[in-house]
Amino acid sequence: MKCQSGRRRLRWITPTAVFGGGRPPPCPRAAVPVGLPDPLPRLARALGPGPFAQVFLFASPEADLAALAAAAPAVFGPARVCGCSTSGEITGRGYDSGQIVAFALPAAGFEVEQLLIEPLDALDPRALISDLLRARQALGRRAPDWPHEAAVLLIDGLSGQEDALVAALSGGLGRCRSSAARPGTGRGSARRRSLPAASLRENAAVLTLIRSAWELRPFCFAHQRPTARRMVVTRADPSRRLVARINDEPAAREYARALGRLPEQLTPFLFAAHPLLVRAGGRHHVRSIQQVEPDGGLTFFAAIDEGLVLTLAEPVDMVAHLRAEMAGLCAGGRPSVILAFDCFFRRLEAEGRQLGREISELLMQHGVWGLSTYGEQVGAMHVNQTLTGLAFYPPEVRR
């Protein structure tokens, strides 16, 4: 495993989700459709002159990712750049698609360090923590008067190493609070894209460490609540995130029975509307189902193992829940902008319940930009079906 840091290198994860004097400027953001010619120069003009410490790029899989990766360092100058493909974008219109999104951190209020971590299937936690601590120390020396720290992690979603990576990083992040995304590609879990350009990375992750005069507040919203229906994983293959049997019955059949359905009636919408929960750290966390296997097993998007107690979840009102959580972020002062990683299954559920427009309006009202993902991070745990991210508060806001 190697960890690299540098001032100017582009870090682009593929295939598949993570941030002088006077008042620092707000974080500019912009989006352009993938079909426009020269999309990056257009984004640069929309962002303004900068200078920027960091530019995040989130691109629809319809974009020419190889061309974007090759052009980004020249277009965005001395700023560090990292990015990933998406399973949907969040822009000034709320839920969006077919877009290339740029989210910039101005140099006037932010300093960053980046670690490229690869290969993920050969992680050396001790070396990783050592490199992470050196990067944090370097960041502290460059911005000693800026008290706020946070981290954004973008992880290759096909690596299967998300749980191991976030657990390893937790030992070196300390009080530096983090938000992570496992990006995906396309409107379905089976669609994946791998690009063979030298500047694109697979089996890798990029950790962006941020130090700022702004308060950086991570958040995690989950709108599901546990029911009384529990079941036990009795046969599983953790390396494949595959559950073969639940309650010693074929997994898909037992899950369908809990819903009052037949196995052939299981759909991605039902997976999104009725996920399974595991309890850890005093709270429930979603384990989203990816698909039904031909033999009746269930493949999950996050870690699973034999002996786990799974609780069937039911949703609360998505719109009311999001409105309340956003009001909580605004208590004591409104954030200027929010960088968000929204699980694709949340978007699927919202659209299936005809709530996409109302959710989009709330995202627009609160300045939320980002992408749809296939996995997120809460502390040292990789989870599913949440809205996570960072809220950015200007220095004069006191919370």
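Described in the following lines is the structure provided in the data block. (Residues numbered from 1 in each chain as written. Predicted model: local features only at pLDDT ≥ 70, side-chain atom pairs only at ≥ 80, totals over all residues. Heavy atoms only, no water.)

## Concerning the packing of aromatic side chains
All chains considered together, the criterion is met by 9 aromatic pairs. With 6.5 Å between their ring centres and 90° between their planes, Phe58 and Phe341 make a pair best called edge-to-face. With Phe58 in strand 4 (residues 52-59) and Phe341 in strand 23 (residues 337-343), this residue pair connects regions lying 283 residues apart in the sequence. Residue Phe58 is classed as buried on the basis of its relative accessible area, which comes to 0%. What makes Phe341 buried here is its relative accessible area of 0%. (Phe/Tyr/Trp six-rings, centres within 6.5 Å; stacked < 30°, edge-to-face > 60°. Helix = DSSP H or I, 4+ residues; strand = E, 2+ residues; numbered from the N terminus. Buried < 20%, exposed > 50% of the residue type's maximum accessible area, 1.4 Å probe, protein only.)

## Remarks on the pattern of salt bridges
Pairs can form between side chains of opposite charge once their charged atoms are near each other. Summed over all chains, the structure comprises 15 salt bridges. The partner of Arg211 in a salt bridge is Glu149, with the nearest N and O atoms 3.9 Å apart. Placement of the pair is Arg211 in strand 13 (residues 205-212) and Glu149 in strand 10 (residues 148-155), with a sequence separation of 62 residues. Residue Arg211 is classed as buried on the basis of its relative accessible area of 14%. Ionic pairing is found between Arg257 and Glu254, a salt bridge with its closest N-O pair at 2.6 Å. Separated by 3 residues within a single helix, Arg257 and Glu254 lie in helix 5 (residues 251-259), roughly one turn from each other. Classification of Glu254 as buried rests on a relative accessible area of 5%. Through salt bridges with shared partners, a single ionic network connects Arg80, Glu111, Glu113 and Arg142. (Salt bridge = Lys/Arg side-chain N within 4 Å of Asp/Glu carboxyl O.)

## Describing helix 2 (residues 65-75)
For helix 2, every residue scored as buried is listed here: Leu65, Leu68, Ala69 and Ala72. The arc enclosing the buried residues of helix 2, seen along the axis, measures out at 100°, which places them on a common side. Exposed residues lying more than 90 degrees from the buried face of helix 2 are Ala70 and Ala74. One or two residues past the end of helix 2 sits Gly77, with phi positive at roughly 60°. (Arc of directions from axis to C-beta.)

## Comments concerning the environment of Pro315
Tracing the backbone shows Pro315 in strand 22 (residues 309-315). Residue class for Pro315 comes out buried when judged on its relative accessible area of 19%. C-alpha of Pro315 to C-alpha of Ala222: the two residues are 93 residues apart in sequence and 9.2 Å apart in space. When near neighbours in sequence (up to four residues on either side) are disregarded, Pro315 contacts His223, Gln224, Ala273, Glu349 and Arg353. (Contact = heavy atoms within 4.5 Å.)

## Focus on unusual backbone geometry
Each neighbour pair has its own omega, and for Gly50 with Pro51 the value is 0°, a cis peptide bond. Residue position: Pro51 is located in the loop between helix 1 (39-47) and strand 4. Between Glu118 and the following residue, Pro119, the backbone shows a cis peptide bond with an omega angle of -10°. Looking at where Pro119 falls in the secondary structure, it is placed in the loop between strand 9 (110-118) and helix 3 (125-142). The backbone of Asp248 shows a phi angle near 60°, a positive value even though the residue is not glycine. Residue placement: Asp248 occurs in the loop between strand 16 (242-246) and strand 17 (249-250).

Treat this as a map of the structure, not an account of what it does.
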